[in-house]
Amino acid sequence: MQPTSRRPAPFGVSLLLAAVTGVLSVPILAQEKPVDDSAQGETLSPKTKSPEASPAKNSPYLSDWFNQDLTLIGSKDISFGPKPQDDVYLEYEYFGRKGPFELYGYIDVPKILTIGNSNDKGVWDHGSPVFMEHEPRISIDYLAGRSLAIGPFKEWYVAFDWIYDHGSRKENRANTLYSGLGTDIDTHSRVNLSANFYGRYQWENYGASNEYSWDGYRAQMKYIVPISKFDNGASLTYIGFTNYDFGSDLHKDNPARTANSLVATNVLLYSFTHLRFTLVGRYFHNGGNWEDGSELNFGEGNFRARSDGWGYYAGVGYQF
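Residues numbered from 1 in each chain as written. Predicted model: local features only at pLDDT ≥ 70, side-chain atom pairs only at ≥ 80, totals over all residues. Heavy atoms only, no water.

Mapped onto the elements, Glu 171 comes out in the loop between β6 (153-165) and β7 (174-185). On the basis of relative accessibility, which here comes to 30%, the residue Glu 171 falls in the partly exposed class. At 2.7 Å, the side chain of Glu 171 forms a polar contact with the side chain of Arg 169. (Helix = DSSP H or I, 4+ residues; strand = E, 2+ residues; numbered from the N terminus. Buried < 20%, exposed > 50% of the residue type's maximum accessible area, 1.4 Å probe, protein only. Polar contact = N/O pair within 3.5 Å; in protein donor to acceptor, adjacent residues only side chain to side chain.)

Dropping the structure here:
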C-alpha cells in the first residue's frame with residue numbers, strides 16, 4: 001500500500017498487480033443448475049503489494065497513493081464451479097491506502113477476446129458482462145487515534161469483501177458480502193502477513209439454496225515475500241493468499257455441495273515501474289462448495305464434478 005499520514009500499510013496489492021484476488025477471484029461460487037454466465041475469479045492480486053513497488057511522493061503514477069493497473073489475463077482449469085473454466089479476460093485493478101481506508105478491488109470483463117472453453121461464457125455470448133470484487137478495510141487504530149496492538153497483531157480493521165457477478169439474468173447472478181475483522185501481523189521477518197475473518201451474507205447465488213441468508217464464514221490469510229531486485233530495475237516477489245470457507249448449509253439440501261472449501265493461491269510477480277508479468281498456481285479443494293467427483297446433470301447429460309486440483313493464470317499488465 002502507499003505511505004499514509006500514519007505509516008505504510010504492509011499489504012496493498014496487484015497481483016496482476018498486477019495481475020492478477022478474480023484472475024483469481026471467485027467464479028461460480030455456487031451453481032445449482034446450468035447457467036450461461038461464468039464469473040472470473042479472484043484476481044491474481046491478493047491485495048498485497050511489495051513495499052518497494054509502492055510509488056513515492058514524486059511517483060511516475062497518476063497518484064502518489066492510489067494505484068491502478070490494466071491487465072490481460074489468461075486462465076486454465078479454474079475450478080470455482082463443478083466444470084473447470086479456461087478464459088482470457090481484461091481486468092482493471094486498483095489499490096491504495098489513505099487515512100483509515102485501505103482500498104483494493106478489481107473489475108473483470110469476461111471472455112473479452114471470445115477465447116475460452118465450452119464452460120466459459122462472457123460479455124459477447126450472453127454471459128456475464130462484468131465480474132468484480134472490492135475489499136475495503138477501515139483501520140480501527142486510526143479512528144481510535146491510538147495503537148491497539150496486541151503482541152504481534154499490530155493494527156486492526158473492520159474488513160469487507162464484496163463479490164458481484166452480473167449475470168444476464170437473475171438465476172445467473174451472484175452477489176456476496178463478507179464482513180468481519182482484520183489485522184496486520186508482525187512476523188519479525190521479510191514476510192508481510194495479514195489476516196481477515198468474515199461472516200458471509202448471500203444475496204443471489206446462481207439459484208443455490210443459500211440465497212438471501214447468512215451462510216458460513218471465511219478465514220483468510222495473505223502473505224508476501226520480496227525475493228530479489230535486478231540491475232534492469234525489475235523486482236521479483238512472491239505473493240500468496242488462502243481462503244478457507246466453512247460452515248455453509250449448502251450441503252444440507254444438495255449432497256453434491258459441501259460445507260467447506262479451500263482455495264490457496266501462489267503468485268510470482270516480475271515487475272518494472274509500469275510493466276508487470278505474473279504467473280499463478282492456484283489449488284482448489286471443493287471449489288465453490290462443490291463435492292469433487294459428485295455426479296451432476298445440468299440438462300446436457302451426466303458428468304462428474306471436478307472441484308479439486310490446480311488451476312493456472314498468466315498475465316501481463318500496465319500500472320499507472
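Attention shifts here to a nonpolar patch on the surface. A surface patch of nonpolar side chains, amounting to about 590 Å² of accessible area, comprises Leu 72, Leu 113, Ile 115, Leu 275, Phe 277, Val 316 and Tyr 318. At the level of secondary structure, the elements contributing two or more residues to the nonpolar patch comprise β12 (275-285) and β15 (309-319). By the secondary structure assignment, Tyr 318 is in strand β15. (Patch = residues over 30% accessible without salt bridge, like charges linked within 9 Å, V, L, I, M, F, W, Y side chains within 5 Å. Areas by Shrake-Rupley, 256 points an atom, 1.4 Å probe, with all protein chains shown as cover. Salt bridge = Lys/Arg side-chain N within 4 Å of Asp/Glu carboxyl O.)

Even without being glycine, Thr 114 reaches a positive phi, approximately 60°. Within the secondary structure, Thr 114 is located in the loop between β3 (101-109) and β4 (131-134). The exposure class of Thr 114 is exposed, given its relative accessible area of 54%. We note that Asn 286 has phi near 55°; this positive angle belongs to a residue other than glycine. By secondary structure assignment, the location of Asn 286 is in the loop between β12 and β13 (295-297). Overall, the relative accessible area of 8% leaves Asn 286 in the buried class.

Across 9 bridges, the pairing between strand β2 (residues 85-98) and β3 is antiparallel. Of the residues in β3, the one forming a bridge with Leu 90 is Val 109. Between β2 and β3, which pair antiparallel in sequence order, lie 2 residues; one of them, Gly 99, sits at a positive phi of approximately 55°. Bridge count for β3 against strand β5 (residues 137-139) is 2 bridges, and the pairing is antiparallel. Counterpart to Phe 101 in the pairing with β5 is Ile 138. As paired strands, β3 and β4 are joined by 4 bridges and run antiparallel to one another. (Pairing = 2+ DSSP bridges.)

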